[in-house]
Amino acid sequence: MMKIPSILVIDSGVGGLSICQSIMSTSEKNEQNLQIIYFADDAFSPYGLLEELELEKRLESIVSAMLVLHQPDLVILACNTVSTLLLPQLRAQFDVPFVGVVPAIKPAAKKTLTNRIGLLATPATVCRAYTDALISDYAAECEVIRVGSNELVTQAEALLAGEKISLNVIETVLEPFISEDIALEVDTIVLGCTHFPLLKQQLQEVLPNVSWVDSGEAIAKRVHDLLGQMSHGHTHSSDASLVHQIYFSESLPDQFTFKSALAELGIKDSKLHLLNIS
Ligand code: DGL
């Protein structure tokens, strides 16, 4: 029997599940089975507050431990805050291929009709040198309004934990994108943090006329292309033994609520683990 491909997906919390959702939806279309090994590093969240060296050491420890446990076929850094800083260093450390997630500035610059786009990401991502380079390479013609928010990360975590979230908080965060002068409003906003697509419905409710752009689909395509180049062949989609493995580094959420949220994202059978990595 052929081995089912497996991917290791890492984020500081549940944000990377938005990337898993896009990957699972593509695998369903392609009728290809795939196992997700997800690592939510809640012990070190938010990543945006960590110094570069500490973040690098932390990611190295996680990847090393998970490679031993699961031997995934590839690693997805499902976190813009990490990918915009550490992708080259991590690629150089390990043999396994890495896929990074960075803000979708290029597609947003293609999509905007007004040449005014928003970038909604963590405070760390909005001021990375990598982000400056993306903007000058692909959106030089555009005015880019950058908004950094940790509050939306907290809101997305709350949503998946089954808690009530606040539209007021979301409205306040989005205020800089709204202008009295309609000609000055953005028509396209990049969701440059993987937590934020989990709040898409609420974001749309607050700004219904904006096009929201995220990296999920492009990453899903890249992952499937890479897996297709490896020699798994096609595995049948009804493999009953396929269980996705979800790790937390500090505390486990309520199993029933969280597994239902996972199922809604297309991650149907899952097992939750607590793993303290030092
Ligand atoms: N989901 C992460 C991202 O895409 C959040 C990072 C954080 O913990 O600061 O940037």
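For clarity, every value in this text was computed on a predicted model and none was experimentally measured.

J.: It is not clear to me how the sheet that holds strand E9 (residues 244–248) should be interpreted in this structure. Could you clarify?
T.: In sheet architecture, strand pairing relies on hydrogen bonds along the backbone and comes in two forms, parallel and antiparallel. Read from one edge to the other, the open sheet built from 6 strands follows the order E4-E3-E1-E2-E9-E10, with strand pairing classed as parallel. Each edge of the open sheet is held by one strand with a lone partner, namely strand E4 (98–100) and strand E10 (270–274). The sheet shows a mean angle of 20° between the axes of neighbouring strands, direction not considered. As paired strands, strand E2 (residues 35–40) and E9 are joined by 4 bridges and run parallel to one another. What sits directly across from Ala 40, in E9, is Phe 248. On the sheet, helix H1 (residues 17–29) packs against strand E1 (6–11), E2, strand E3 (74–77) and E9 and is oriented at approximately 170° with respect to E2. With respect to the sheet, helix H3 (residues 80–93) is in contact with E3 and E4, its orientation differing from that of E4 by roughly 165°.

J.: Teacher, can you tell me more about the packing of aromatic side chains here?
T.: The geometry of an aromatic ring pair is captured by the separation of the ring centres together with the interplanar angle, meaning the angle of the planes. Tallying each qualifying case throughout the model produces 3 aromatic pairs. On the numbers, 6.4 Å between centres and 20° between planes, the contact of Phe 39 with Tyr 247 is stacked. Residue Phe 39 is located in strand E2, and its partner Tyr 247 is located in strand E9; the two are separated by 208 residues in the primary sequence. Overall, the relative accessible area of 0% leaves Phe 39 in the buried class. Note on Phe 248 and Phe 258: the rings are 5.4 Å apart at their centroids and 75° apart in plane angle, and the pair reads as edge-to-face. Residue Phe 248 is found in strand E9, and its partner Phe 258 is found in helix H11 (residues 255–264); the two are separated by 10 residues along the sequence. You can call Phe 258 buried: its relative accessible area is 3%.

J.: What exactly am I supposed to notice about the sheet that holds strand E5 (residues 116–121) here?
T.: If you walk across this open sheet you meet the 4 strands as E6-E5-E7-E8, and the pairing is parallel. The sheet is open, and its two edges are formed by strand E6 (143–148) and strand E8 (211–213), each paired on a single side. Put simply, the sheet's adjacent strands are angled 25° from each other on average, direction ignored. Bridge analysis of E5 against E6 gives 6 bridges, and the strand direction is parallel. By the bridge assignment, Ala 121 is partnered in E6 with Gly 148.

J.: Could you clarify how one ought to interpret the site of the ligand in this entry?
T.: If you check the shell around the ligand, you find Asp 11, Ser 12, Pro 46, Tyr 47, Gly 48, Cys 79, Asn 80, Thr 81, Thr 122, Cys 193, Thr 194 and His 195 and nothing else. At 2.6 Å from an oxygen atom of the ligand is found a side-chain nitrogen or oxygen belonging to Ser 12. A distance of 2.9 Å is found between an oxygen atom of the ligand and a backbone nitrogen or oxygen belonging to Asn 80. Look at the ligand: alone it shows 300 Å² of surface, and the protein chains cover 100% of it. Of the residues in the shell around the ligand, the class split is 4 nonpolar, 7 polar and 1 charged.

J.: Quick question: what am I supposed to make of the pairing of E5 here?
T.: Within a regular beta strand, the side chains point alternately toward one face of the sheet and then the other, so they alternate between its two faces. In terms of burial, E5 is a largely internal element, 6 of the 6 residues being buried. Neither face of E5 is exposed, since Arg 116, Gly 118 and Leu 120 on one face and Ile 117, Leu 119 and Ala 121 on the opposite face are all buried. Bridging between E5 and strand E7 (residues 188–191) involves 4 bridges; their strand directions are parallel. Following the sheet pairing, Ile 117 is matched in E7 by Thr 188.

J.: Just to check I follow, could you spell out the pattern of salt bridges for this structure?
T.: Pairing is possible between side chains that carry opposite charge, provided their charged atoms lie close to one another. Enumeration over the complete set of coordinates arrives at 6 salt bridges. We note a salt bridge from Glu 143 to Arg 116, for which the minimum N-O separation is 3.0 Å. Remark: Arg 116 occurs in strand E5 and Glu 143 occurs in strand E6; sequence separation between them is 27 residues. Here Glu 143 falls in the partly exposed class, since its relative accessible area comes to 44%. We classify Arg 116 as buried; its relative accessible area is 12%.

J.: So what exactly am I meant to see when it comes to the pairing of E7 here?
T.: The alternating pattern of E7 places Thr 188 and Val 190 and Ile 189 and Leu 191 on opposite faces, both of which are buried. Bridge count between E7 and E8: 3 bridges; the pairing is parallel. When the sheet's bridge partners are listed, Thr 188 is paired in E8 with Ser 211. In this region the chain leaves E7, passes through helix H9 (residues 200–206) and returns to the parallel neighbour E8; the handedness of that crossover is right-handed.

J.: Which parts of the structure should I look at to understand H1?
T.: Since one α-helical turn is 3.6 residues long, residues separated by three or four positions face the same way. Taking 1.5 Å per residue, 13 residues should reach 18 Å; H1 reaches 18 Å between its end C-alpha atoms and fits that length. Looking only at H1, the buried set comprises Leu 17, Ser 18, Ile 19, Cys 20, Ser 22, Ile 23, Met 24, Thr 26 and Ser 27. Glu 31 sits one or two residues past H1 and shows a positive phi near 50°.

So, how was this worked out
- Residues numbered from 1 in each chain as written.
- Predicted model: local features only at pLDDT ≥ 70, side-chain atom pairs only at ≥ 80, totals over all residues.
- Heavy atoms only, no water.
- Pairing = 2+ DSSP bridges.
- Helix = DSSP H or I, 4+ residues; strand = E, 2+ residues; numbered from the N terminus.
- Axes fitted to C-alpha atoms, helices over the stretch in contact; angles between N-to-C directions.
- Contact = heavy atoms within 4.5 Å.
- Phe/Tyr/Trp six-rings, centres within 6.5 Å; stacked < 30°, edge-to-face > 60°.
- Buried < 20%, exposed > 50% of the residue type's maximum accessible area, 1.4 Å probe, protein only.
- Near = heavy atom within 4 Å.
- Polar contact = N/O pair within 3.5 Å; in protein donor to acceptor, adjacent residues only side chain to side chain.
- Areas by Shrake-Rupley, 256 points an atom, 1.4 Å probe, with all protein chains shown as cover.
- Nonpolar A, V, L, I, M, F, W, Y, C, P; charged D, E, K, R; others polar.
- Salt bridge = Lys/Arg side-chain N within 4 Å of Asp/Glu carboxyl O.
- Right-handed = clockwise from strand over helix to strand, strands pointing away.
- Expected span 1.5 Å × (residues − 1).

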